[in-house]
Amino acid sequence: MKVIITKDYEEMSAKAFELMKQVVTENPSAVLGLATGSTPLGLYERMAEDHKKNGTSYKQVKTVNLDEYEGLDISSDQSYVYFMRENLFRHLDIRPANTNIENGKAQDPEAECARYNALLESMRQDIQVLGIGSNGHIAFNEPGTPFDAETHVVDLTESTIRDNSRLFARIEDVPRRAFTMGPKNIMNARRILILASGANKAKAVLGLVKGEVTEQLPASVLQRHPDCTLVCDEAAASLL
Ligand code: PGA
């Protein structure tokens, strides 16, 4: 794993943008695996700014997102489909039809997982952006998720519900279940870009880079990926 340590969040975002721009410039019809959460916001701002200023085009780009809360769709401003539209897609020239995410309101969750797995098979990510949870999760793959799991529905852990409650009016409003790509779908990406910022991620980052490869720390599986880059700020790297 390549590790790049930056001074702060802004520098982390700038470095992430540099890597992302390289992918889109080299292959204008690249498949981008994208993530939600606070961490990639600085990257998305830079992508939007660059599109506006320099005209970098996303017309042929396709995207696949990691995860979505069960029970929410674009009508909810807490859904991840809404997050992606507001924070990235509406600022680019990407075709909405080329953006993909699990349908949180699917009537038949198993069929939805099968649909998403088939989709991912047909469009392998050229790059997959990831954040990391303070408990070492990637996407909503909580500790204990088998490394060979594909897209599935998960019960969120108390720690994730707590971490994510900052974005909801009340902790009771945080959905208890979510759809998520599995570690296997993530590992299938040609290249991984994992981002981490802040001291609350330091322990998880230590496990990611130097810990035992164990399903108890889902991010540790990335040690087995042939082309994984971690960009993290000094606070997140403080235990390395
Ligand atoms: P965050 O979430 O970017 O909001 O910290 C990361 C994650 O839980 O994967």
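Residues numbered from 1 in each chain as written. Predicted model: local features only at pLDDT ≥ 70, side-chain atom pairs only at ≥ 80, totals over all residues. Heavy atoms only, no water.

### Looking at the site of the ligand
Lining the immediate surroundings of the ligand are Gly 37, Ser 38, Thr 39, Gly 131, Ile 132, Gly 133, His 137, Arg 166 and Lys 201. Ser 38 has a polar backbone atom sitting 2.9 Å from an oxygen atom of the ligand. One of the side-chain nitrogen or oxygen atoms of His 137 is found 2.7 Å away from an oxygen atom of the ligand. When the ligand sits alone it has 280 Å² of accessible area, and the protein chains cover 82% of it. In this structure, the ligand is accommodated by the largest pocket. Classifying every residue of the shell around the ligand gives one nonpolar, six polar and two charged. (Near = heavy atom within 4 Å. Polar contact = N/O pair within 3.5 Å; in protein donor to acceptor, adjacent residues only side chain to side chain. Areas by Shrake-Rupley, 256 points an atom, 1.4 Å probe, with all protein chains shown as cover. 1 Å grid on protein atoms, 1.4 Å probe; cavity = no way out; pocket = protein on both sides within 12 Å on 5 of 7 lines; lining within 4 Å. Sits in = over half its atoms within 2 Å of the grid points. Nonpolar A, V, L, I, M, F, W, Y, C, P; charged D, E, K, R; others polar.)

### Looking at unusual backbone geometry
Most of the time, phi is negative for any residue but glycine, and the peptide bond is trans. Not every positive phi belongs to a glycine, and Ala 139 is a case in point at roughly 50°. Inspection of the secondary structure assignment puts Ala 139 in the loop between strand E6 (127-130) and strand E7 (152-155). (Helix = DSSP H or I, 4+ residues; strand = E, 2+ residues; numbered from the N terminus.)

### Some points on the layout of surface pockets
One number sums up the size of the largest pocket: a volume of about 500 Å³. Along the wall of the largest pocket there are 26 residues; nearest its centre are Gly 37, Ile 132, His 137, Asn 164 and Lys 201. Mapped by element, the contributors of at least two residues to the lining of the largest pocket are helix H3 (80-87) and helix H5 (158-164). Volume-wise, the second largest pocket comes out at about 180 Å³. Taken together, 13 residues form the lining of the second largest pocket, with Val 81, Arg 85, Phe 89, Pro 96 and Thr 99 sitting closest to its centre. For the lining of the second largest pocket, the elements supplying multiple residues, two or more each, are H3 and strand E5 (99-100). (Points joined across faces, edges and corners; volume = space filled by probe spheres on them.)

### Describing the packing of aromatic side chains
To describe a pair of aromatic rings, you give the distance between the ring centres and the angle between the ring planes. Throughout the structure, instances matching the rule amount to four aromatic pairs. Taking 4.8 Å as the distance between ring centres and 40° as the angle between the ring planes, the aromatic pair formed by Tyr 69 and Tyr 80 counts as tilted. Of this pair, Tyr 69 sits in strand E4 (residues 67-69) while Tyr 80 sits in helix H3, and the two are 11 residues apart along the sequence. Note on accessibility: Tyr 69 and Tyr 80 belong to one class, buried. Put simply, the rings of Tyr 69, Tyr 80, Phe 140 and Phe 168 pair up and form one aromatic cluster. (Phe/Tyr/Trp six-rings, centres within 6.5 Å; stacked < 30°, edge-to-face > 60°. Buried < 20%, exposed > 50% of the residue type's maximum accessible area, 1.4 Å probe, protein only.)

### Comments concerning the sheet that holds E7
Taken together, the three strands give an open sheet; going across it, the order is E4-E8-E7, and neighbouring strands pair in antiparallel fashion. This sheet does not close on itself; its edge strands, each paired only once, are E4 and E7. Strand after strand, the sheet turns through a mean of 25° between neighbouring axes, direction not considered. Pairing of E7 with strand E8 (residues 177-180) involves four bridges; the strand directions are antiparallel. Its bridge partner being in E8, His 152 is matched across the sheet by Thr 180. (Pairing = 2+ DSSP bridges. Axes fitted to C-alpha atoms, helices over the stretch in contact; angles between N-to-C directions.)

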